[in-house]
Amino acid sequence: KPSDSADKLNGAGAAAIAGLVADVASKLSGGFPRLTYQKAPSPMGRGDLRSFNASLGSVPDYAGPPQGQSGVLLAGTRPGGAAEKAGMKRGDILVRLGVREIRSVRDLMYVLTESKPGQTVRAVVIRSGQEVELEVTYHERKRRPAGHR
């Protein structure tokens, strides 16, 4: 950001990353087979540490929906999660859960805080410019054991 200055940069860390990138590029140019993308199940990250009662299993794209549109753009869904089971997909824009309008990630977090695992609601997503109504059953939010960070 504009307020950053040289004393705030991690020069050693940046040099280590640059060295790693140079090493990978050098090895790839030396005749190794082409890299291919393989989707692996995502580990459950720490995520937001606030206490949500219910889980949707959605992965928001924090860049947000196209300009001028409200809702939560989905970057994906967690395998086996409520969103995936309901039929939500990457690129969907979540605009309603139950009776609540979803205008932002903040609205989504509010709804999850107020919801209960096992509760079934209607969800509305915008997919390819069309409203699609889905039925979603919230899962229980997985809690980490005490003292686990």
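See the structure shown above.
To start, this report covers the structure provided alongside it. (Residues numbered from 1 in each chain as written. Predicted model: local features only at pLDDT ≥ 70, side-chain atom pairs only at ≥ 80, totals over all residues. Heavy atoms only, no water.)

### Points about the overall build of the protein
A tally of helices and strands in the protein yields three helices and eight strands. Starting at the N terminus, the α and β elements of the protein follow one another as α-β-β-β-α-β-β-α-β-β-β. For the protein, buried positions account for 25% of its 149 residues. A sequence separation of at least 24 residues applies to 56% of the contacts in the protein between residues at least 6 apart. (Helix = DSSP H or I, 4+ residues; strand = E, 2+ residues; numbered from the N terminus. Buried < 20%, exposed > 50% of the residue type's maximum accessible area, 1.4 Å probe, protein only. Contact = heavy atoms within 4.5 Å.)

### So, the nonpolar core
One finds L56, M88, L94, L97, L108, V136 and Y138 to be the most contacted residues of the largest nonpolar core, which totals 21 residues. Mapped by element, the contributors of at least two residues to this core are strand 3 (72-77), helix 2 (82-86), strand 4 (93-97), helix 3 (105-114), strand 6 (120-127) and strand 7 (130-137). For this core, the leading source of residues is helix 3, giving four residues. Those residues in contact with L56, other than ones at most four positions away along the chain, are G81, A82, A83, M88, L94, L97, L108, L112, V136 and Y138. (Core = buried A, V, L, I, M, F, W, Y, C linked by side-chain atoms within 4.5 Å.)

### Observations concerning unusual backbone geometry
Positive phi, close to 55°, is recorded for S128, a residue that is not glycine. As for its placement among the helices and strands, S128 is situated in the loop between strand 6 and strand 7. The class of S128 is exposed, set by a relative accessible area of 74%.

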